[in-house]
Amino acid sequence: MSAVLPRANELTTPERGVWVAMRRDLRLAVRSKGELAQALAFFVIVVSLFPLAIGPESALLKRVAPGVVWVCALLAVMLTLPRIFQSDYLDGTLEQLALSRYPLPVLCAGKMIAHWLTTGVPLAITAPLLGLQFGLEGRELMVIVAGLILGTPILTMLGAIGAALVLGVRGGSILMALLVLPLYIPVLIFGAGAAEASMVGVDVTANLSLLAAMLLIGMVVTPFAAAAAVKISLD
Amino acid sequence: MSAVLPRANELTTPERGVWVAMRRDLRLAVRSKGELAQALAFFVIVVSLFPLAIGPESALLKRVAPGVVWVCALLAVMLTLPRIFQSDYLDGTLEQLALSRYPLPVLCAGKMIAHWLTTGVPLAITAPLLGLQFGLEGRELMVIVAGLILGTPILTMLGAIGAALVLGVRGGSILMALLVLPLYIPVLIFGAGAAEASMVGVDVTANLSLLAAMLLIGMVVTPFAAAAAVKISLD
Amino acid sequence: MSLFKYSAPSSFYPLAGKLVPWFGTLAFVAAVIGLYLGLFVAPEDFQQGEVYRIIFIHVPTAWMAMFIYLLMAGYAVLTLVYQTRLSAMMMEALAPTGAMFTAIALWTGALWGKPTWGTYWAWDARMTSTLILLFLYVGYIALVNAIEDKKRADKAGALLVLVGSVNVPIIYFSVKWWNTLHQGASVSITQGNKMAAIMLAAMAIMAFACWMYSIAVAFCRVRAIILEREGQSQWVKSIKEAVS
Amino acid sequence: MALAADAVTLEVKGLGLARGSRCLFADLDFSLVSGHALILRGPNGVGKTSLLRVLAGLTIADSGSVVLQAARVRAFAPHVRDNVLYIGHANALKDDLTVQENLADQLALDTNDVTLADQLGALDAVHLGDRRDMLARRLSQGQKRRVGLARLRLNCGLAHKSMWLLDEPTNALDEQGSALFVETVNRHLSMGGAAVIASHLPLGLSGPVAELQMQERA
Amino acid sequence: MALAADAVTLEVKGLGLARGSRCLFADLDFSLVSGHALILRGPNGVGKTSLLRVLAGLTIADSGSVVLQAARVRAFAPHVRDNVLYIGHANALKDDLTVQENLADQLALDTNDVTLADQLGALDAVHLGDRRDMLARRLSQGQKRRVGLARLRLNCGLAHKSMWLLDEPTNALDEQGSALFVETVNRHLSMGGAAVIASHLPLGLSGPVAELQMQERA
Ligand code: HEM
Ligand SMILES: Nc1ncnc2c1ncn2[C@@H]1O[C@H](COP(=O)(O)OP(=O)(O)OP(=O)(O)O)[C@@H](O)[C@H]1O
Ligand SMILES: Nc1ncnc2c1ncn2[C@@H]1O[C@H](COP(=O)(O)OP(=O)(O)OP(=O)(O)O)[C@@H](O)[C@H]1O
Ligand SMILES: [Mg+2]
Ligand SMILES: [Mg+2]
């Protein structure tokens with residue numbers, strides 16, 4: 001058992017850190033049955049509430065469809081944000097992550113990816129089905145999917161920061177909503193904007209490329225911001 | 001210290017049980033500063049998201065206003081549901097409540113009241129302001145307020161049952177959303193229905209009285225249902 | 001622990017104490033002059049009539065709403081990079097004032113909208129982004145109040161404001177752009193009512209008044225915060241004895 | 001003797017509980033009367049906590065019966081709620097309330113005639129007197145346990161919950177705290193109460209104490 | 001001796017920490033080298049946990065310095081993350097993963113060359129062999145602690161986190177478990193590791209052990 005080994009940190013590369021954190025969270029998501037389905041189901045249900053609340057005129061529904069779909073996607077992602085850090089914080093895992101051989105931003109990045117794979121991706125895939133319910137057609141649907149693919153990771157990344165800030169704060173989940181939603185607004189506007197544009201036949205590339213730009217910036221910055229937030233919450 | 005006292009259960013009347021549970025939760029809500037404001041702020045923000053997603057045409061906005069307000073109120077209440085039992089479950093308080101001298105349904109009733117006072121009431125009070133943003137006028141606003149006053153307690157009561165059922169389940173918050181939202185649909189339909197009716201000048205009493213009826217039934221039944229759910233989660 | 005970190009509040013406390021009355025009086029005087037010019041001297045607006053005079057409240061407060069957030073962002077950097085406690089306290093002291101000005105800008109704007117546009121609220125780009133700014137303020141205040149441990153609250157608030165400030169420009173332009181995409185019901189605000197020099201003067205003076213007011217109030221609050229935070233430290237005790 | 005009137009009796013007959021495929025205990029028989037204590041002993045995972053939860057009616061046994069005060073223990077039955085005081089691993093403290101408020105709230109569940117003076121007295125006794133206005137979240141591990149100890153001290157005098165079910169009560173307590181606990185239980189027993197206590201450590205209770213040694217089952 | 005190369009040293013100078021109005025400790029000086037253990041003693045609430053968190057860089061001290069491996073301890077500095085293994089009151093277990101998966105995930109944070117065989121060996125050693133595929137949520141209190149014990153056992157051989165900071169590690173463990181813990185720490189020390197342990201119970205470590213008795217301050 002006391003064989004001499006190379007110091008493990010030579011083996012602990014950043015990529016591996018991302019992978020370790022991501023695998024862990026993905027496995028948990030798969031284990032707690034239906035967790036994958038949940039964000040999705042919430043999305044579907046809330047979207048379906050609107051016809052009940054607004055009334056059945058198909059013209060009106062089609063008109064508001066992109067907006068409704070986007071707002072609901074945004075809420076679905078937001079509701080699942082606590083998953084990223086909450087339970088790890090409560091059971092002491094977060095301390096262990098912070099003291100692990102891997103730098104915290106790397107692990108945060110892994111967690112973000114896992115969260116996106118278990119929320120954003122399923123949402124983007126189902127959105128078209130809901131769009132059909134509201135009478136949207138091919139191109140419009142494609143634009144919504146594209147927007148969600150680009151937009152949901154941004155929601156996850158910004159959200160992770162908020163989720164980390166409210167760790168251990170009572171009433172945290174809704175406080176987090178308070179912090180995060182204003183930051184989500186540009187994503188909402190560009191995403192829904194693209195969809196609307198596609199409906200009135202305006203060019204959508206502008207909107208989408210803005211989302212892409214935000215995504216790139218986010219990928220560089222947010223892991224560090226999230227890690228900083230975690231450190232603040234652990235002290 | 002060893003003075004002989006009457007068995008305490010002669011002193012522990014149901015009303016008192018309601019009061020004990022309610023006071024406790026209200027104090028907690030007041031303590032964690034801003035918790036009162038949070039449901040409210042969430043409500044305001046999400047309502048304000050829709051114009052950003054749908055677009056600023058005032059006619060369209062006014063048309064969808066009641067539906068949007070109601071869906072958002074519903075979500076705001078739902079997001080605060082975990083407050084009712086979650087933390088009590090995690091820190092072992094719930095077991096103590098279940099083993100206390102007061103019957104569990106009584107304590108649950110107290111908790112529900114506390115939750116409504118800290119969510120439904122503030123929502124009903126703010127709703128008119130948001131209605132104004134969407135260009136609704138006096139009577140329509142009044143109907144929305146009346147609907148919320150009658151409807152939000154039902155949301156709390158039904159929600160408490162769902163909240164109790166998902167205790168200790170990972171990803172519980174969103175799973176709870178799945179359980180609860182379908183139950184919320186009637187409330188949504190009658191509430192939003194009343195508001196719509198007021199806009200087209202139809203009589204609203206039918207909708208509202210249906211809400212009132214649901215409220216009365218709920219007050220009788222739900223405390224027991226919630227208590228049963230708690231017992232299930234504790235075993 | 002840098003020396004500055006510990007000496008700052010103790011030395012700043014009396015300084016602020018001395019300055020507050022000055023800024024206070026300046027604010028008061030400027031406000032009186034500005035309002036007098038604005039409400040009585042300035043001529044009536046040819047198309048809007050008397051209502052337009054609301055501009056003398058509206059515009060300065062709207063400016064302050066934005067400036068104060070930027071200011072807070074600056075303090076946020078200090079807090080996170082140099083971990084100076086005073087900067088964090090300044091943020092906490094400024095936030096309510098900023099929120100208030102934002103609210104006033106919204107309020108006066110809405111009041112103004114009724115007579116001029118026939119509606120209290122139109123989802124005009126500027127209005128919307130101001131509303132979002134209010135949300136940002138509220139979020140910060142909620143977070144700082146919700147966190148029990150002050151040290152942590154400071155850092156958390158700072159990080160939030162920083163992330164927010166990065167978003168503010170994005171938000172502003174996104175909203176502007178969103179609004180112009182499908183032409184909304186709103187009238188462009190800066191549409192030409194020629195501003196007489198006297199109006200500009202009045203507005204400038206009012207803006208100055210707002211600045212002075214903000215500084216005065218912020219200093220008062222910061223003093224209160226310092227007392228609350230350093231309640232047990234020696235110099236505060238000595239002050240309290242001196243007072244009582 | 002204050003409680004002689006309603007002396008407490010616990011009768012366990014042929015009790016059995018299985019978890020998944022594993023049988024934790026079977027045909028368990030014992031009984032307990034006023035003034036007596038039963039200590040549950042056994043290796044980790046043998047089933048002490050599970051047994052306590054069955055006695056409290058929190059878990060339903062697979063076989064056998066638990067009879068408290070001549071009435072069968074069912075989940076949350078009134079006579080159980082009137083007589084059983086269960087303290088598990090969790091401390092049931094609200095982070096956002098002060099120590100004294102937490103104590104008051106816990107007591108309010110059992111009785112409504114504990115004066116503030118009594119509470120402060122108990123807090124002093126468990127060395128939390130100077131922490132009484134501190135938020136519970138700031139307490140150390142052992143101090144959190146001590147709040148429960150204060151509750152116990154008040155209980156043996158006031159609320160008359162005569163059957164104590166305690167799960168590793170001395171965890172995280174220092175020597176002085178453990179001694180205080182022992183003294184508290186002794187007082188409770190001497191006043192006609194009874195207690196079932198799961199613990200890995202020697203407690204050194206005075207008065208009639210039985211031990212139940214639980215064995216790992218293949 | 002496997003670790004002689006990177007012998008571990010901990011230097012604490014004039015360390016001070018206050019919480020709210022209360023000063024927990026001030027001008028604390030001590031040092032620790034390979035093969036030595038330091039036991040933190042003191043009444044509940046005296047500051048043992050707080051001190052451990054400072055040493056781990058989780059809490060920032062108000063004054064003084066902690067120097068580990070000749071480099072100053074800052075929050076989450078690389079050399080801290082490479083050398084410090086901290087186990088607090090929380091068990092860092094995922095309820096929804098099996099025991100073995102939990103162990104594997106915890107190890108994966110420090111190293112990536114622990115074979116499954118090693119893991120199962122360690123689980124057997126802590127008497128969790130037959131529980132390895134059970135969900136962690138079902139474990140008993142003591143069994144949860146034992147997973148951490150298994151991690152420690154693998155660590156002294158494999159991951160080389162040489163500075164152990166352990167907060168009441170024997171809580172909820174039975175006699176056999178505590179004995180196992182002591183043996184594990186002894187092995188760690190004999191391999192050139194070092195440990196700071198907060199505990200209320202006598203541990204009976206062999207080898208060079210210092211005790212730090214912390215006093216309640218007025
Ligand atoms: C709630 C509604 C309103 C909000 C939130 C609002 C917000 C703002 C803001 C943030 C500014 C400063 C912008 C800058 O200086 O770049 C501003 C300036 C101004 N607002 Fe408003 N406004 C509102 C309604 C109105 C209305 C109804 C009018 C008049 C019809 C109006 C007229 C002006 C004028 C003339 C300025 C100064 C021009 C300038 O600074 O470019 N506003 N408003
Ligand atoms: N579903 C299950 N399948 C198999 N065994 C289970 C299951 N659920 C729980 N167990 C076992 O039941 C036992 C629960 O025991 P309990 O918590 O009562 O132990 P304990 O005597 O309190 O131990 P400790 O001294 O560590 O507190 C554990 O050994 C656990 O492994
Ligand atoms: N804000 C505060 N104001 C005053 N005292 C505080 C504050 N926060 C924490 N404390 C005190 O600091 C101490 C924290 O001590 P710590 O948790 O390190 O104790 P410990 O030695 O680990 O005790 P135990 O043996 O019970 O685990 C407690 O006495 C607590 O009352
Ligand atoms: Mg146990
Ligand atoms: Mg401790």
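Residues numbered from 1 in each chain as written. Chains lettered and ligands numbered in written order. Predicted model: local features only at pLDDT ≥ 70, side-chain atom pairs only at ≥ 80, totals over all residues. Heavy atoms only, no water.

Trainee: Before we move on, could you go through the pairing of strand β8 (residues 194-198) of chain D and cite the residues and values that matter?
Mentor: Residue and element names in this part refer to chain D. Burial analysis of β8 places 5 of its 5 residues in the buried class, the great majority of the element. Sheet topology note: the strand β3 (residues 37-41)/β8 ladder contains 4 bridges and is parallel. Looking at β8, one finds that L38 is bridged to V196. In the sheet, strand β7 (residues 163-167) pairs with β8 via 5 bridges, with the strands oriented parallel. Counterpart to D167 in the pairing with β8 is A198. (Buried < 20%, exposed > 50% of the residue type's maximum accessible area, 1.4 Å probe, protein only. Helix = DSSP H or I, 4+ residues; strand = E, 2+ residues; numbered from the N terminus. Pairing = 2+ DSSP bridges.)

Trainee: Which residues make up the nonpolar core, and what are the values?
Mentor: Nonpolar side chains tend toward joint burial in soluble globular proteins. Grouped together as the largest cluster of nonpolar side chains are 306 residues, with contacts concentrated most on F42(A) and F42(B). Examining the composition of this core, we find that 19 residues originate from one element, helix α9 (residues 172-200) of chain A, more than from any other. Among all residues touching F42(B), those that are not within four sequence positions of it are L75(A), M78(A), I174(A), A177(A), L181(A), L75(B), A76(B) and L79(B). Counting 35 residues, the second largest nonpolar core, distinct from the first, contains V114(D), M134(D), W164(D) and V185(D). (Core = buried A, V, L, I, M, F, W, Y, C linked by side-chain atoms within 4.5 Å. Contact = heavy atoms within 4.5 Å.)

Trainee: Mind laying out the environment of S21(E), listing which residues take part and the relevant values?
Mentor: Tracing the sequence through the fold places S21(E) in the loop between β1 (9-19) and β2 (22-33). Measuring from C-alpha to C-alpha, the distance between S21(E) and V209(E) comes to 33 Å, with 188 residues separating the pair along the chain.

Trainee: Can you lay out helix α6 (residues 175-190) of chain D for me, pointing to particular residues and giving the numbers?
Mentor: Residue and element names in this part refer to chain D. The end-to-end C-alpha distance of α6, which contains 16 residues, comes to 23 Å, matching closely the 22 Å that a straight helix rising 1.5 Å per residue would cover. Buried residues of α6: G177, L180, F181, V182, T184, V185, N186, H188 and L189, and no others. Positive phi appears at G192, one or two residues downstream of α6, with a value of about 95°. (Expected span 1.5 Å × (residues − 1).)

Trainee: How would you explain the site of ligand 2 if you had to name every residue and give the values?
Mentor: Surrounding ligand 2, one finds 20 residues, the nearest of these being K48(D), T49(D), S50(D), R131(E) and S140(E). Of the chains in the model, those with residues near ligand 2 are chains D and E. Between ligand 2 and R131(E) there is a distance of 2.6 Å, counted from an oxygen atom to a side-chain nitrogen or oxygen. In the model, a nitrogen atom of ligand 2 is placed 3.4 Å from a nitrogen or oxygen of the R138(E) side chain. With the chains in place, 93% of the 650 Å² that ligand 2 exposes on its own is no longer accessible. Where the shell around ligand 2 is concerned, the elements lending two or more residues are β2 (22-33) and α1 (48-55) of chain D together with α5 (141-157) of chain E. Split by residue class, the shell around ligand 2 holds 3 nonpolar, 11 polar and 6 charged. (Near = heavy atom within 4 Å. Polar contact = N/O pair within 3.5 Å; in protein donor to acceptor, adjacent residues only side chain to side chain. Areas by Shrake-Rupley, 256 points an atom, 1.4 Å probe, with all protein chains shown as cover. Nonpolar A, V, L, I, M, F, W, Y, C, P; charged D, E, K, R; others polar.)

Taken by themselves, the reported measurements are silent on function.
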